[in-house]
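# Structure at a glance
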Amino acid sequence: MSTTTSGATGVALLRSTRTLTLAAALCLAVQLFGNLYEELVSNVAVLARPQPGEAVGALDAGSPMYYYLPWAPLGVVLVAVLAHRLATRGAPGWVVRRLRLALAALAVAVAAKAVLISSVNPRFRDPAEDAATLRELATLWAGINGLAIVAVAVALTLLLSWRARVADHGPVAATGSVPRVAVAAGKG
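Residues numbered from 1 in each chain as written. Predicted model: local features only at pLDDT ≥ 70, side-chain atom pairs only at ≥ 80, totals over all residues. Heavy atoms only, no water.

## Considerations on the packing of aromatic side chains
Any aromatic ring pair is given by two values, namely how distant the centres are and how the planes are angled relative to each other. Just so we agree on the cut-off: To pair, rings of Phe, Tyr and Trp, with the six-membered ring standing in for Trp, must have centres within 6.5 Å; the planes then decide the type, stacked if under 30 degrees apart, edge-to-face if over 60, and tilted in the middle. Secondary structure elements follow DSSP: runs of H or I of four or more residues count as helices, runs of E of two or more count as strands, with numbering from the N terminus. Here's how the labels work: a residue is buried when its accessible area is under 20% of the maximum for its type, exposed when over 50%, partly exposed in between, all with a 1.4 Å probe on protein chains only. Two limits define a charge over a ring: the Lys NZ or Arg CZ must be within 6 Å of the ring centre, and within 35 degrees of the ring normal.
One pass over the structure, following the stated rule, counts one aromatic pair. Taking the centre distance of 6.4 Å and the plane angle of 35 degrees together, the rings of Phe-33 and Tyr-37 count as tilted. With Phe-33 and Tyr-37 both in helix α1 (residues 7-48), this residue pair falls four residues apart, about one helical turn. Taking the relative accessible area as the measure of exposure, Tyr-37 reaches 44% and is therefore partly exposed. The positively charged end of Arg-165 is found above the aromatic ring belonging to Trp-94, 3.9 Å away from the centroid.

## Structural notes on the environment of Leu-160
Structurally, Leu-160 is set in helix α4 (residues 131-169). The partly exposed category is assigned to Leu-160, whose relative accessible area is 40%. Spatially, the C-alpha atom of Leu-160 lies 9.4 Å from that of Arg-98, the residues being 62 residues apart in sequence.

## Description of α4
Here is the rule: One less than the residue count of a helix, multiplied by 1.5 Å, gives the span that helix is expected to have. Polar contact is the term for a pair of N or O atoms within 3.5 Å; when the atoms are in protein, one must be able to donate a hydrogen and the other to accept it, and sequence-neighboring residues count only if both atoms are side-chain atoms.
Taking 1.5 Å of rise per residue, the 39 residues of α4 would be expected to cover 57 Å, and the 55 Å separating its terminal C-alpha atoms lies within 8% of that figure. By the N-cap criterion, in which a side-chain oxygen at the helix start approaches the backbone nitrogen of a residue two or three places on, α4 is capped by Asp-130, the distance to Ala-132 being 3.3 Å.

## What to know about the packing of helix α3 (residues 93-125) against α4
Worth spelling out the cut-off: In this analysis, axes come from line fits to C-alpha atoms, helices being fitted only over the stretch in contact, and the angle between any two N-to-C directions falls in the range 0 to 180 degrees. Here roughly perpendicular refers to angles of 65 to 115 degrees, roughly parallel to angles under 35, roughly antiparallel to angles over 145, and oblique to all remaining angles. It is the rotation of the near helix from the far one that decides the hand of a crossing: anticlockwise by less than a right angle makes it left-handed, clockwise makes it right-handed. Following the grouping adopted for this structure description, the nonpolar residues are Ala, Val, Leu, Ile, Met, Phe, Trp, Tyr, Cys and Pro, the charged ones are Asp, Glu, Lys and Arg, and the polar ones are all others, Gly among them.
Two numbers describe how α3 lies on α4: the axes approach to 9 Å, and their chain directions differ by 165 degrees. With respect to their mutual orientation, α3 and α4 come out roughly antiparallel. With respect to the hand of their crossing, α3 and α4 are arranged in left-handed fashion. For the contact of α3 with α4, the per-class residue count stands at 30 nonpolar, four polar and four charged.

Below is the structure:
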């Protein structure tokens, strides 16, 4: 493909990546939902009624790790495979850049969760912590998890937006402008 995606080439690109994009989007959506649930339900409960030592262990039954483990890593891998596939199939540079930016956003989300899992969550399980400290930790946790939420939402948007743009505009220039022929045809 050159710097533009023709209508036929754009359709072929969309068709050849449909299943992979759908699988990646589902994984990211599940991850996003889990992060939102933790933010709005679990963390609010800790803020309202902190209970030192009551948090579930990282690998105990009921741990959120079991929710994230299949979906979060798989979503990252699928986005990476999609970015590689698009780059090797000659997709326009702006498409490949969106997928690489989605990967960067997912790296931020993974880093945020790694910080939470390794340094904040263990303190929620410590029975020696006091309620005031748990509230402070819950506030910290909310900010870091909020960053993860935004990062996954950005990645999901980037993952899907290139498809919408190709579908909406047919021939789309790599610079982001729609050729005059397409604009003129839309006005008529």
